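Observations on chain architecture
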Amino acid sequence: KKDTILLGIETSCDETAVAIVKNGREILANVVASQIDSHKRFGGVVPEIASRHHVEQITYVLEEALQQSNTVWEAIDGIAVTEGPGLVGALLVGVNAAKALAFAKQKPLIGVHHIAGHIYANRLEKEFEFPLLALIVSGGHTELVLMKSHGAYELIGETRDDAAGEAYDKVARMLQLPYPGGPQIDRLAELGEEAIDFPRAWLEQNSYDFSFSGLKSSVINTIHNAKQRGKELRKEDIAASFQASVIDVLTTKTVRAAKEFDVKQVIIAGGVAANRGLRSALEAEFAKTSIPLLIPPLNLCTDNAAMIAAAGTIAFEQGRRSGLELNARPSLLL
Ligand code: KG4
Ligand code: ZN
(Lines give C-alpha, C1' and ligand atoms only; values in the text may rest on other atoms or scores of the structure.)
(Ligands and ions follow the chains in the order given, each with its own letter.)
Protein backbone atom coordinates (compact mmCIF):
# COMPACT_ATOMS: atom_id res chain seq x y z
CA LYS A 1 0.00 0.00 0.00
CA LYS A 2 1.27 3.42 -0.98
CA ASP A 3 2.20 5.93 1.74
CA THR A 4 -0.09 8.89 2.41
CA ILE A 5 1.76 12.16 2.92
CA LEU A 6 -0.28 15.11 4.12
CA LEU A 7 0.65 18.73 4.65
CA GLY A 8 -1.11 20.23 7.69
CA ILE A 9 -1.81 23.88 8.44
CA GLU A 10 -2.95 25.29 11.81
CA THR A 11 -3.68 28.97 12.52
CA SER A 12 -6.71 28.85 14.84
CA CYS A 13 -5.19 30.88 17.68
CA ASP A 14 -1.70 32.26 18.27
CA GLU A 15 0.58 29.69 16.64
CA THR A 16 1.31 29.67 12.92
CA ALA A 17 2.07 26.05 12.17
CA VAL A 18 2.78 23.84 9.17
CA ALA A 19 3.71 20.16 9.29
CA ILE A 20 4.21 17.22 6.98
CA VAL A 21 3.12 13.82 8.23
CA LYS A 22 3.42 10.33 6.70
CA ASN A 23 0.54 7.86 7.12
CA GLY A 24 -0.90 9.94 9.96
CA ARG A 25 1.79 8.63 12.29
CA GLU A 26 5.25 9.80 11.26
CA ILE A 27 6.31 13.44 11.51
CA LEU A 28 8.51 14.53 8.59
CA ALA A 29 8.43 18.20 9.63
CA ASN A 30 6.64 20.12 12.38
CA VAL A 31 7.23 23.88 12.34
CA VAL A 32 5.53 26.16 14.87
CA ALA A 33 5.95 29.95 15.00
CA SER A 34 4.62 31.16 18.34
CA GLN A 35 3.28 34.68 18.80
CA ILE A 36 3.24 34.58 22.59
CA ASP A 37 5.71 37.46 22.93
CA SER A 38 3.47 39.78 20.91
CA HIS A 39 0.40 39.04 23.04
CA LYS A 40 2.09 38.93 26.44
CA ARG A 41 1.92 42.64 27.15
CA PHE A 42 -1.86 42.58 26.59
CA GLY A 43 -2.32 39.67 29.02
CA GLY A 44 -4.01 37.48 26.41
CA VAL A 45 -4.38 36.78 22.71
CA VAL A 46 -5.47 39.86 20.74
CA PRO A 47 -7.38 38.49 17.73
CA GLU A 48 -6.42 41.26 15.30
CA ILE A 49 -2.73 40.96 16.15
CA ALA A 50 -2.97 37.18 15.78
CA SER A 51 -4.39 37.44 12.24
CA ARG A 52 -1.70 39.89 11.17
CA HIS A 53 1.08 37.67 12.48
CA HIS A 54 -0.35 34.65 10.68
CA VAL A 55 -0.35 36.58 7.40
CA GLU A 56 3.29 37.59 7.93
CA GLN A 57 4.47 34.13 8.99
CA ILE A 58 2.56 31.57 6.97
CA THR A 59 4.70 31.47 3.82
CA TYR A 60 7.97 31.27 5.79
CA VAL A 61 6.64 28.52 8.03
CA LEU A 62 5.44 26.61 4.97
CA GLU A 63 8.82 26.96 3.23
CA GLU A 64 10.62 25.78 6.34
CA ALA A 65 8.39 22.70 6.70
CA LEU A 66 9.00 21.73 3.06
CA GLN A 67 12.75 22.23 3.44
CA GLN A 68 13.05 20.42 6.77
CA SER A 69 11.23 17.39 5.45
CA ASN A 70 12.95 17.47 2.10
CA THR A 71 9.55 16.97 0.52
CA VAL A 72 8.64 17.91 -3.04
CA TRP A 73 5.07 18.87 -3.93
CA GLU A 74 4.68 15.77 -6.12
CA ALA A 75 5.02 13.61 -2.99
CA ILE A 76 2.23 15.38 -1.10
CA ASP A 77 -1.18 13.70 -1.35
CA GLY A 78 -3.32 16.39 0.23
CA ILE A 79 -3.60 19.48 2.37
CA ALA A 80 -5.30 19.38 5.78
CA VAL A 81 -6.22 22.62 7.51
CA THR A 82 -7.95 23.62 10.74
CA GLU A 83 -11.34 25.02 9.68
CA GLY A 84 -12.52 25.63 13.27
CA PRO A 85 -13.18 26.30 16.05
CA GLY A 86 -11.01 29.29 16.82
CA LEU A 87 -10.58 32.98 16.10
CA VAL A 88 -12.24 33.72 12.77
CA GLY A 89 -9.56 36.09 11.45
CA ALA A 90 -6.81 33.70 12.48
CA LEU A 91 -8.54 30.65 10.96
CA LEU A 92 -9.11 32.50 7.69
CA VAL A 93 -5.37 32.86 7.08
CA GLY A 94 -4.77 29.11 7.30
CA VAL A 95 -7.91 28.22 5.36
CA ASN A 96 -7.04 30.62 2.55
CA ALA A 97 -3.43 29.47 2.40
CA ALA A 98 -4.63 25.86 2.19
CA LYS A 99 -7.17 26.67 -0.52
CA ALA A 100 -4.61 28.60 -2.57
CA LEU A 101 -2.15 25.69 -2.34
CA ALA A 102 -4.80 23.08 -3.11
CA PHE A 103 -5.83 25.03 -6.19
CA ALA A 104 -2.31 25.88 -7.40
CA LYS A 105 -0.83 22.43 -6.79
CA GLN A 106 -4.04 20.54 -7.66
CA LYS A 107 -4.19 18.68 -4.34
CA PRO A 108 -7.19 17.42 -2.35
CA LEU A 109 -8.23 19.72 0.51
CA ILE A 110 -9.40 18.42 3.91
CA GLY A 111 -10.94 20.67 6.60
CA VAL A 112 -10.10 19.45 10.12
CA HIS A 113 -11.69 20.15 13.51
CA HIS A 114 -9.09 21.58 15.90
CA ILE A 115 -10.04 19.16 18.70
CA ALA A 116 -9.87 16.16 16.38
CA GLY A 117 -6.33 17.39 15.79
CA HIS A 118 -5.53 17.50 19.52
CA ILE A 119 -6.86 13.94 19.86
CA TYR A 120 -4.87 12.64 16.88
CA ALA A 121 -1.66 14.20 18.24
CA ASN A 122 -1.59 11.02 20.35
CA ARG A 123 -1.58 8.75 17.30
CA LEU A 124 1.78 10.24 16.33
CA GLU A 125 3.05 8.38 19.41
CA LYS A 126 1.00 5.19 19.52
CA GLU A 127 -1.65 3.42 17.42
CA PHE A 128 -5.22 3.88 18.70
CA GLU A 129 -7.28 1.08 20.19
CA PHE A 130 -11.04 1.44 20.44
CA PRO A 131 -13.13 2.21 22.36
CA LEU A 132 -10.95 5.10 23.40
CA LEU A 133 -11.60 7.94 25.83
CA ALA A 134 -10.05 11.36 25.23
CA LEU A 135 -9.79 14.12 27.81
CA ILE A 136 -9.32 17.41 25.97
CA VAL A 137 -8.18 20.30 28.13
CA SER A 138 -7.12 23.49 26.41
CA GLY A 139 -7.60 27.25 26.53
CA GLY A 140 -10.94 26.95 24.76
CA HIS A 141 -12.08 23.39 25.57
CA THR A 142 -12.67 20.94 28.37
CA GLU A 143 -14.28 17.82 26.99
CA LEU A 144 -14.52 14.08 27.44
CA VAL A 145 -14.88 12.39 24.06
CA LEU A 146 -15.60 8.70 23.47
CA MET A 147 -14.38 7.18 20.20
CA LYS A 148 -15.52 3.79 18.98
CA SER A 149 -13.73 4.04 15.65
CA HIS A 150 -11.50 6.42 13.68
CA GLY A 151 -13.04 9.81 13.01
CA ALA A 152 -16.14 9.13 15.17
CA TYR A 153 -16.42 11.46 18.15
CA GLU A 154 -19.08 11.15 20.89
CA LEU A 155 -19.16 14.03 23.34
CA ILE A 156 -19.93 12.61 26.79
CA GLY A 157 -19.08 15.68 28.87
CA GLU A 158 -17.98 19.27 28.49
CA THR A 159 -17.53 22.45 30.46
CA ARG A 160 -20.63 24.49 31.20
CA ASP A 161 -18.68 27.71 31.59
CA ASP A 162 -14.90 28.29 31.54
CA ALA A 163 -12.44 25.91 29.92
CA ALA A 164 -9.74 24.52 32.21
CA GLY A 165 -7.00 26.52 30.49
CA GLU A 166 -9.13 29.65 30.65
CA ALA A 167 -9.47 29.18 34.43
CA TYR A 168 -5.68 28.76 34.69
CA ASP A 169 -5.10 31.93 32.67
CA LYS A 170 -7.64 33.96 34.69
CA VAL A 171 -6.31 32.83 38.06
CA ALA A 172 -2.78 33.56 36.84
CA ARG A 173 -3.86 37.07 35.94
CA MET A 174 -5.23 37.59 39.48
CA LEU A 175 -1.85 36.51 40.78
CA GLN A 176 -0.20 38.99 38.38
CA LEU A 177 1.62 36.27 36.50
CA PRO A 178 2.46 36.74 32.80
CA TYR A 179 0.40 35.22 29.98
CA PRO A 180 -0.07 32.32 29.32
CA GLY A 181 -0.74 31.58 32.95
CA GLY A 182 -1.05 27.80 32.85
CA PRO A 183 2.66 26.99 32.87
CA GLN A 184 3.29 29.69 35.52
CA ILE A 185 0.71 28.22 37.91
CA ASP A 186 2.03 24.73 37.20
CA ARG A 187 5.52 25.88 38.27
CA LEU A 188 4.31 27.74 41.38
CA ALA A 189 2.04 24.87 42.43
CA GLU A 190 5.06 22.60 42.79
CA LEU A 191 6.51 25.02 45.35
CA GLY A 192 3.28 25.51 47.28
CA GLU A 193 1.10 23.63 49.70
CA GLU A 194 -2.58 22.80 49.43
CA ALA A 195 -3.35 25.26 52.23
CA ILE A 196 -6.74 26.46 50.94
CA ASP A 197 -9.70 24.14 50.49
CA PHE A 198 -11.19 25.39 47.20
CA PRO A 199 -14.50 23.89 46.02
CA ARG A 200 -14.76 21.00 43.55
CA ALA A 201 -17.61 21.27 41.04
CA TRP A 202 -18.86 17.68 40.78
CA LEU A 203 -22.26 18.74 39.34
CA GLU A 204 -25.04 16.10 39.22
CA GLN A 205 -24.17 12.56 40.16
CA ASN A 206 -23.09 10.69 36.99
CA SER A 207 -22.53 13.91 35.06
CA TYR A 208 -19.34 14.09 33.02
CA ASP A 209 -19.70 17.85 32.59
CA PHE A 210 -17.30 20.32 34.14
CA SER A 211 -17.55 23.79 35.64
CA PHE A 212 -14.68 26.04 36.61
CA SER A 213 -16.29 29.46 37.06
CA GLY A 214 -17.24 28.77 40.71
CA LEU A 215 -13.67 27.81 41.48
CA LYS A 216 -12.43 30.96 39.76
CA SER A 217 -14.80 33.12 41.87
CA SER A 218 -13.72 31.32 45.00
CA VAL A 219 -10.08 32.13 44.24
CA ILE A 220 -10.94 35.82 43.69
CA ASN A 221 -12.92 35.98 46.95
CA THR A 222 -10.23 34.22 48.94
CA ILE A 223 -7.54 36.63 47.72
CA HIS A 224 -9.83 39.61 48.33
CA ASN A 225 -10.88 38.54 51.85
CA ALA A 226 -7.32 37.85 52.89
CA LYS A 227 -6.25 41.31 51.70
CA GLN A 228 -9.07 42.96 53.68
CA ARG A 229 -7.90 41.22 56.80
CA GLY A 230 -4.41 42.49 56.06
CA LYS A 231 -3.23 38.96 55.38
CA GLU A 232 -1.16 38.16 52.31
CA LEU A 233 -1.58 34.62 51.02
CA ARG A 234 1.39 32.92 49.37
CA LYS A 235 0.98 32.77 45.60
CA GLU A 236 2.49 29.29 45.66
CA ASP A 237 -0.21 28.06 48.03
CA ILE A 238 -3.02 29.61 46.01
CA ALA A 239 -1.60 28.00 42.86
CA ALA A 240 -1.22 24.59 44.55
CA SER A 241 -4.73 24.70 46.03
CA PHE A 242 -6.35 25.89 42.78
CA GLN A 243 -4.51 23.26 40.77
CA ALA A 244 -5.49 20.54 43.24
CA SER A 245 -9.18 21.35 42.72
CA VAL A 246 -8.90 21.31 38.91
CA ILE A 247 -6.89 18.08 38.86
CA ASP A 248 -9.15 16.33 41.37
CA VAL A 249 -12.25 16.87 39.21
CA LEU A 250 -10.56 16.16 35.86
CA THR A 251 -8.91 12.98 37.11
CA THR A 252 -11.91 11.59 38.98
CA LYS A 253 -14.32 12.08 36.05
CA THR A 254 -11.87 10.71 33.50
CA VAL A 255 -11.26 7.55 35.52
CA ARG A 256 -15.00 7.07 36.13
CA ALA A 257 -15.80 7.46 32.41
CA ALA A 258 -12.97 5.14 31.37
CA LYS A 259 -14.40 2.42 33.64
CA GLU A 260 -18.05 2.99 32.69
CA PHE A 261 -17.36 2.79 28.94
CA ASP A 262 -14.83 0.01 29.41
CA VAL A 263 -12.30 1.68 27.13
CA LYS A 264 -9.07 0.14 25.85
CA GLN A 265 -7.13 3.39 25.93
CA VAL A 266 -7.25 6.83 27.53
CA ILE A 267 -5.54 9.77 25.90
CA ILE A 268 -5.14 13.37 26.97
CA ALA A 269 -4.81 16.35 24.69
CA GLY A 270 -4.70 20.14 24.59
CA GLY A 271 -2.45 22.73 26.22
CA VAL A 272 -3.42 21.86 29.81
CA ALA A 273 -2.32 18.27 29.12
CA ALA A 274 1.17 19.76 29.49
CA ASN A 275 0.42 20.34 33.18
CA ARG A 276 2.83 18.32 35.29
CA GLY A 277 0.43 17.97 38.19
CA LEU A 278 -2.35 16.66 35.94
CA ARG A 279 -0.03 14.26 34.14
CA SER A 280 1.24 12.70 37.34
CA ALA A 281 -2.22 12.53 38.97
CA LEU A 282 -3.65 10.76 35.91
CA GLU A 283 -0.67 8.43 35.75
CA ALA A 284 -1.09 7.51 39.41
CA GLU A 285 -4.84 6.91 39.11
CA PHE A 286 -4.67 4.87 35.91
CA ALA A 287 -1.79 2.82 37.32
CA LYS A 288 -4.40 1.46 39.75
CA THR A 289 -6.53 0.25 36.82
CA SER A 290 -5.69 -1.99 33.87
CA ILE A 291 -6.48 0.79 31.37
CA PRO A 292 -3.46 2.18 29.49
CA LEU A 293 -3.03 5.96 29.60
CA LEU A 294 -1.28 7.78 26.76
CA ILE A 295 0.30 11.16 27.41
CA PRO A 296 1.73 13.00 24.41
CA PRO A 297 5.06 14.86 24.64
CA LEU A 298 4.78 18.55 25.53
CA ASN A 299 5.30 19.87 21.98
CA LEU A 300 2.37 17.78 20.75
CA CYS A 301 0.06 18.90 23.60
CA THR A 302 0.03 22.55 22.57
CA ASP A 303 -1.14 23.79 19.17
CA ASN A 304 0.78 22.40 16.19
CA ALA A 305 0.06 21.32 12.62
CA ALA A 306 1.32 17.73 12.85
CA MET A 307 -1.83 16.91 14.80
CA ILE A 308 -3.95 18.49 12.04
CA ALA A 309 -2.19 16.45 9.35
CA ALA A 310 -2.61 13.34 11.54
CA ALA A 311 -6.37 13.85 11.97
CA GLY A 312 -6.62 14.88 8.31
CA THR A 313 -5.05 11.60 7.22
CA ILE A 314 -7.90 9.58 8.72
CA ALA A 315 -10.47 11.82 7.03
CA PHE A 316 -8.49 11.57 3.78
CA GLU A 317 -8.37 7.76 3.98
CA GLN A 318 -12.11 7.73 4.67
CA GLY A 319 -12.62 9.68 1.44
CA ARG A 320 -13.62 12.97 3.03
CA ARG A 321 -12.75 16.01 0.90
CA SER A 322 -13.50 19.72 1.26
CA GLY A 323 -14.25 21.94 -1.71
CA LEU A 324 -12.67 25.28 -2.47
CA GLU A 325 -15.71 26.86 -0.81
CA LEU A 326 -14.23 25.73 2.53
CA ASN A 327 -14.57 28.54 5.06
CA ALA A 328 -13.39 29.36 8.57
CA ARG A 329 -15.97 28.11 11.10
CA PRO A 330 -15.24 29.75 14.48
CA SER A 331 -17.84 27.69 16.39
CA LEU A 332 -17.54 24.38 14.53
CA LEU A 333 -18.86 21.40 16.56
CA LEU A 334 -16.90 18.17 16.83
O1 KG4 B 1 -4.20 23.74 23.22
P2 KG4 B 1 -3.64 25.09 23.45
O3 KG4 B 1 -2.21 25.35 23.09
O4 KG4 B 1 -4.49 26.16 22.71
C5 KG4 B 1 -5.90 26.08 22.65
O6 KG4 B 1 -6.40 25.41 21.71
O7 KG4 B 1 -6.54 26.64 23.57
O8 KG4 B 1 -3.88 25.42 25.02
C9 KG4 B 1 -3.50 26.63 25.59
C10 KG4 B 1 -3.89 26.62 27.06
C11 KG4 B 1 -3.65 27.94 27.78
O12 KG4 B 1 -4.80 28.25 28.55
C13 KG4 B 1 -2.45 27.65 28.69
O14 KG4 B 1 -2.43 28.43 29.87
C15 KG4 B 1 -2.67 26.19 29.00
O16 KG4 B 1 -3.11 25.63 27.77
N17 KG4 B 1 -1.43 25.53 29.43
C18 KG4 B 1 -1.28 25.00 30.67
C19 KG4 B 1 0.05 24.50 30.73
N20 KG4 B 1 0.65 24.73 29.52
C21 KG4 B 1 -0.27 25.35 28.75
N22 KG4 B 1 -2.13 24.91 31.70
C23 KG4 B 1 -1.69 24.32 32.83
N24 KG4 B 1 -0.44 23.84 32.97
C25 KG4 B 1 0.46 23.88 31.96
N26 KG4 B 1 1.70 23.39 32.12
ZN1 ZN C 1 -5.51 23.89 20.79
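First, a word on what this report is: a plain description of the structure on this page. As the structure is a computational prediction, the values presented were derived from the model and not from experiment.

Looking at chain direction, strand β7 (residues 142–147) and strand β8 (residues 154–158) are connected through four bridges and run antiparallel. Residue pairing across strands places Val-145 opposite Leu-155, the latter belonging to β8. Where β7 folds back onto β8 in an antiparallel hairpin, the turn is made up of six residues, including Gly-151, whose phi is positive at roughly 75 degrees.

We now examine the packing of helix α5 (residues 164–174) against helix α6 (residues 181–191). At a minimum axis separation of 8 Å, α5 and α6 run at an interaxial angle of 70 degrees. Compared by their axis directions, α5 and α6 come out roughly perpendicular. Contacts from Gly-165, Tyr-168, Asp-169, Val-171, Ala-172 and Arg-173 of α5 reach α6 at Gly-181, Gly-182, Gln-184 and Ile-185. Considered class by class, the residues forming the contact of α5 with α6 number four nonpolar, four polar and two charged.

Burial analysis of strand β9 (residues 265–269) places five of its five residues in the buried class, which makes it a mostly covered element. Of the two faces of β9, the one carrying Gln-265, Ile-267 and Ala-269 and the one carrying Val-266 and Ile-268 are both buried. Sheet topology places strand β6 (residues 132–137) next to β9; five bridges connect them, and they run parallel. In the strand pairing of β9, Leu-135 is matched with Ile-268. Inspection of the sheet shows β9 paired to strand β10 (residues 293–294) by two bridges, in the parallel sense. Paired with Ile-267 across the strands is Leu-294, a residue of β10. Regarding the hand of the β-α-β motif, the stretch spanning β9, helix α9 (residues 276–287) and β10 is right-handed.

Here is what the cut-offs are and how they apply
Residues numbered from 1 in each chain as written. Chains lettered and ligands numbered in written order. Predicted model: local features only at pLDDT ≥ 70, side-chain atom pairs only at ≥ 80, totals over all residues. Pairing = 2+ DSSP bridges. Helix = DSSP H or I, 4+ residues; strand = E, 2+ residues; numbered from the N terminus. Axes fitted to C-alpha atoms, helices over the stretch in contact; angles between N-to-C directions. Parallel < 35°, antiparallel > 145°, perpendicular 65-115°, else oblique. Contact = placed C-beta atoms within 7 Å. Nonpolar A, V, L, I, M, F, W, Y, C, P; charged D, E, K, R; others polar. Buried ≥ 20, exposed ≤ 12 C-beta atoms within 10 Å, placed from the backbone. Right-handed = clockwise from strand over helix to strand, strands pointing away.

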